[in-house]
Amino acid sequence: MEKLLAETVAPAVRGSNPHLQTFTFTRVELGEKPLRVIGVKVHPGQRKEQILLDLNISYVGDVQIDVEVKKYFCKAGVKGMQLHGVLRVILEPLMGDLPIVGAVSMFFIRRPTLDINWTGMTNLLDIPGLSSLSDTMIMDSIAAFLVLPNRLLVPLVPDLHDVAQLRSPLPRGIIRVHLLAARGLSSKDKYVKGLIEGKSDPYALVRLGTQTFCSRVIDEELNPQWGETYEVMVHEVPGQEIEVEVFDKDPDKDDFLGRMKLDVGKVLQAGVLDDWFALQGGQGQVHLRLEWLSLLPDAEKLEQVLQWNRGVSSRPEPPSAAILVVYLDRAQDLPMVISELCSPQLKKGNKEPNPMVQLSVQDVTQESKAVYNTSCPAWEEAFRFFLQDPRSQELDVQVKDDSRALTLGALMLPLARLLTAPELTLDQWFQLSSSGANSRLYMKLVMRVLYLDSSEICFPTVPGTPGAWDTDSESPQRGSSVDAPPRPCHTTPDSQFGTESVLRIHVLEAQDLIAKDRFLGGLVKGKSDPYVKLKLAGRSFRSRVVREDLNPRWNEAFEVIVTSVPGQELEVEVFDKDLDKDDFLGRCKVSLTTVLNSGFLDEWLTLEDVPSGRLHLRLERLTPRPTAAELEEVLQVNSLIQTQKSAELAAALLSVYLERAEDLPLRKGIKPPSPYATLTVGDTSHKTKTVSQSSAPVWDESASFLIRRPHTESLELQVRGEGIGTLGSLSLPLSELLTANRLCLDHWFSLSNGQGQVLLRAQLGILVSQHSGVEAHSHSYSHSSSSLSEEPELWGGPPHITSSAPELRQRLTHVDNPQEAPAGPLGQVKLTVWYYSEERKLVSIVHSCRALRQNGRDAPDPYVSLLLMPDKSRGTKRKTSQKKRTLSPEFNERFEWELPLDEALRRKLDVSVKSNSSFMSRERELLGKVQLDLAEIDLSQGAAQWYDLMDDKDKGSS
């Protein structure tokens, strides 16, 4: 803190006023009394990537800070202070690795109670230029600095994405406050020394955070009619409150007539809230109509909003159609200034400027802080403007020296440019005019259209009659902000939805691991039984154990869904498996920054905290693609690189955004339920929050799932009521997404119970590996780059796979092409034969058979037997599962043989299709066979091929 005051605060104070050029801190002691947290309340965040904490804090400190202005021989300081209030802490973005949170934001939602014990304040206020200040004004400024929209951001990881958005996020929404009237106010005016009772001259203060509005005074009226409208920005829900205080205007001190407070969350929930509210601390009621305006990131409804705003009677200001948020970041190469301020001319060399910025929209001007003695200032401030018609308004930016007399550059930007920009946003450098040749300003401009986002709006039957509403009116009447929007047809997820990718982690091998096993009481040194543990994004994985090997090969793959949040690390630990406690063999960490940026990393990593050992990892980022064109290739590649020890590899990523439900059944016919939803794919589930007592809940939650067989898996959704069971369900086959535009469905879905609907978005992304090794094999052994699959295949039904052998990904069922060569008299078998160099294995995939011969009355019960010739031992024999009574069985099973490539090329693969002769007999009927000379097959391609079956005397052909 002392360093902050001496190196940052003191220079800023000295530069802010010529009379304070000798300002210094002479003593900084923070005392010994700690900050006390009296209570903590946790809220669900607006997004799943954040956590909200409300800390009720109390600080009665013995801090002592002394300052001196030597020029005026002035000494002052602070000796003790008190601070009481509710501090909101936002933890975001959440990460899967330490420090778990990317940044911490802190602010007070409402102005805290602040009491500072000043010393020498009168001396300080005697300094020229400060005489207009007062103790109260200083404390008001300090307190306001701590309250929204001001916030303190503390980044915890480097390279944090979009710091400006975290430091000054967009408002949650806008509340349009119609201060209509009051009634039954108490009379405060007295005449003839109190003998005659008069009335009151009421006015109202409307406040939300630091935003305050004052109504006009209505003379001598206990039932005043104001009819005024104000617009306030809401930054935090829940927490912020709208406060209305009513006073009686008097020549000396105004009399308090009462106040009301309302949490903004109730306005968000209702959409439009029109009611009389009782005044606390006085008598009477105040009539408010509160409208929640949501922020739309496109200009589609702007014309509609403008049209209805023309019919709104609003004073003292016309209603707004949009807001503009300006993130003022920094400037570069501003011109130098000459030291004589009386001649405002620009000149290179001489003195660095003290730049500040004035931003104006129409007649509203806001100013940034001044940054002293630099031509490349960084302000990092946000400014917010209400816009009546963004089509014709302009943003005027003036960069000036702190004296305001010298302009360093200017910019005039028509806001119509934003209307055609993506998401109404410009994030770029802007060249300054009337400035240096290279002088420019970096800003992010974000516009949002204001829309009354509620489907339960009522409109007045008579214009201007407060409280008179007609729900059957087909068209909105005068006095409404905008027309009642129809039920949304599509979801509106946030910009982070669907941006995840998949990290595929290949744990390949290790070398020179230390030996931990001991025998005969430690006299005989053994080896180790190593395995690997991985931790990333809150997930943990563990490899298989390799027995007695200091140079183990695992060749296992693991997959995890990751975001682009910086600072993530993959934690890797190697252990020796023991009967009691596993021994530590080393650890290492891998920063995901390189992988997420380049998409691939293949490295040997030195194990830490051990004398020797290194680990070979390969990491690949798979970015989902919204097209099914490459799905067949992905399935083929995955089946080729799939190892027996690894879990089945994902072919796609499913992202689901569940926005809301409607018309859910009532409990016992009268009470709304408290619903929540579960989204399930396979054995992975996501449960939403529970919405209290609502038949139209809004969940606004998303989840992602790894999909291994897109054509057979489905998304299962269940809506349940707290304590009452299932309210409805939905089963969405993912095959429907494969035929949808960009693999996405976004609309209302009816629940299976016949009552209720859900609005959700489901989108599929195909995971295409660029580093699978299949292409590399293709180029290693063949000069032609052929497709991985030599024939087109179409989606079909799922096969019935009961094999105890490793299950292969479901292949696409083949449909015969009329132009293909007909099958032989005994039928055909479809095989893939491939040599996997990474594993040093020969791989054969038995896909299916077709047009098999039927010898008896019933169809055969076929299976396929494989034998690697000339070795006829059981060690090289493989066999598929058996299919019942079919001439076109589907197997989709994978088999492997460990042997070098040169030996594989000397072998022949004998493939026999057989059937059980009868239930009681052990005799097998040969339906046909084919023998493949592996030296004549391109083992680098891994292409599926149909082969004609022959009898035992002939050779097979393709």
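Going by the structure above, here's the rest.
First, a word on scope: everything that follows refers to the structure included in this document. (Residues numbered from 1 in each chain as written. Predicted model: local features only at pLDDT ≥ 70, side-chain atom pairs only at ≥ 80, totals over all residues. Heavy atoms only, no water.)

**Some words on the nonpolar core**
Part 1: Grouped together as the largest cluster of nonpolar side chains are 40 residues, with contacts concentrated most on Leu324, Leu359, Leu395, Leu441, Met443 and Leu445.
Part 2: The set of elements that each furnish at least two residues to this core consists of α6 (302–310), β18 (322–332), β19 (355–361), β21 (378–387), β22 (394–401), β23 (407–414), β24 (425–431) and β25 (440–452).
Part 3: For this core, the element with the most residues is β25, which contributes six residues.
Part 4: Leu654, Leu658, Val691 and Leu745 belong to the second-largest nonpolar core, a separate cluster that totals 38 residues. (Core = buried A, V, L, I, M, F, W, Y, C linked by side-chain atoms within 4.5 Å. Buried < 20%, exposed > 50% of the residue type's maximum accessible area, 1.4 Å probe, protein only. Helix = DSSP H or I, 4+ residues; strand = E, 2+ residues; numbered from the N terminus.)

**With respect to helix α9 (residues 631–641)**
Given 3.6 residues to a turn, an α-helix orients residues that are three or four positions apart in the same direction.
Part 1: Burial runs high along α9: 10 of the 11 residues are buried.
Part 2: Of the positions making up α9, those classed as buried are Leu631, Glu632, Val634, Leu635, Gln636, Val637, Asn638, Ser639, Leu640 and Ile641.

**Focus: the pattern of salt bridges**
Part 1: One pass over the full model with this rule turns up 32 salt bridges.
Part 2: Between Arg289 and Glu291 there is a salt bridge, and its shortest N-O distance comes to 3.4 Å.
Part 3: Taking the relative accessible area as the measure of exposure, Arg289 reaches 10% and is therefore buried.
Part 4: On the accessibility criterion, Glu291 (2% relative accessible area) is buried. (Salt bridge = Lys/Arg side-chain N within 4 Å of Asp/Glu carboxyl O.)

**Some points on the sheet that holds strand β28 (residues 501–511)**
Part 1: Strands sit in the order β33-β28-β37-β36 across an open sheet of four strands; the sheet is antiparallel. The sheet is open, and its two edges are formed by β33 (553–562) and β36 (600–606), each paired on a single side. Adjacent strand axes in the sheet meet at a mean angle of 20 degrees, parallel and antiparallel pairs treated alike.
Part 2: Here β36 pairs with strand β37 (residues 614–622) via seven bridges, running antiparallel. Bridge assignment links Trp604 to a residue of β37, and that residue is His616. (Pairing = 2+ DSSP bridges. Axes fitted to C-alpha atoms, helices over the stretch in contact; angles between N-to-C directions.)

**Concerning α6**
Part 1: The set of residues buried in α6 consists of Leu302, Val305, Leu306 and Asn309. Burial along α6 is one-sided: seen end-on, the buried residues are contained in an arc of 100 degrees.
Part 2: Here the buried face of α6 lies against β8 (173–183), α7 (416–419) and β25. (Arc of directions from axis to C-beta. Contact = heavy atoms within 4.5 Å.)

**Notes on the environment of Ala652**
Part 1: Topologically, Ala652 is positioned in strand β39 (residues 652–662).
Part 2: For Ala652, a relative accessible area of 0% puts it in the buried group.
Part 3: As for Ala652 and Arg709, which are separated by 57 residues in sequence, their C-alpha atoms are 8.1 Å apart.
Part 4: If we ignore the near neighbours within four places in the chain, the residues touching Ala652 are Phe705, Leu706, Ile707, Pro710, Leu764, Gly765, Ile766 and Leu767.

**Topic: the pairing of strand β48 (residues 841–850)**
Part 1: When you tally the buried positions in β48, you get 10 out of 10 residues, the bulk of the element.
Part 2: Here strand β47 (residues 828–836) runs beside β48; their pairing, made up of nine bridges, is antiparallel. Bridge pairing in β48 places Thr832 opposite Ile845.
Part 3: Between β47 and β48, which pair antiparallel in sequence order, lie four residues; one of them, Arg840, sits at a positive phi of approximately 55 degrees.
Part 4: Where β48 meets strand β51 (residues 890–898), seven bridges bridge the pair, whose relative direction is antiparallel. Looking at β51, one finds that Leu842 is bridged to Trp897.

**So, the side chain of Asp529**
Part 1: Mapping Asp529 onto the fold places it in the loop between β30 (524–525) and β31 (530–536).
Part 2: Among all residues touching Asp529, those that are not within four sequence positions of it are Asp517, Val545, Val546, Arg547, Glu548, Phe575, Asp576 and Lys577.

**Examining the packing of aromatic side chains**
Part 1: For the coordinates displayed, the defined rule picks out nine aromatic pairs.
Part 2: Note on Trp429 and Tyr442: the rings are 5.1 Å apart at their centroids and 75 degrees apart in plane angle, and the pair reads as edge-to-face. Of this pair, Trp429 sits in strand β24 while Tyr442 sits in strand β25, and the two are 13 residues apart along the sequence.
Part 3: Three or more aromatic residues link up through ring pairs in this structure, and these residues are Tyr203, Phe247 and Phe256.
Part 4: A cation over an aromatic ring shows up here: Arg542 above the ring of Tyr531, its NZ or CZ 4.0 Å from the ring centre.
Part 5: A cation over a ring is seen here: Lys879 above Tyr863, with NZ or CZ 5.3 Å from the ring centre. (Phe/Tyr/Trp six-rings, centres within 6.5 Å; stacked < 30°, edge-to-face > 60°. Lys NZ or Arg CZ within 6 Å of the ring centre and 35° of its normal.)

**Observations concerning unusual backbone geometry**
Part 1: Residue Pro93 is bonded to the preceding Glu92 through a cis peptide linkage, with omega at -10 degrees.
Part 2: Relative to the assigned elements, Pro93 resides in strand β4 (residues 74–94).
Part 3: Here the amide bond leading from Met869 into Pro870 is cis, since omega sits at 5 degrees, within 30 degrees of zero.
Part 4: On the secondary structure map, Pro870 appears in the loop between β49 (862–869) and β50 (877–879).
Part 5: With a phi close to 55 degrees, Asn373 is a non-glycine residue in the positive phi region.
Part 6: Structurally, the position occupied by Asn373 is in the loop between β20 (364–367) and β21.
Part 7: In the Ramachandran plot, Arg742 falls in the positive-phi region, its phi being about 55 degrees despite a non-glycine side chain.
Part 8: Checked against the element boundaries, Arg742 lands in the loop between α10 (735–738) and β45 (744–750).

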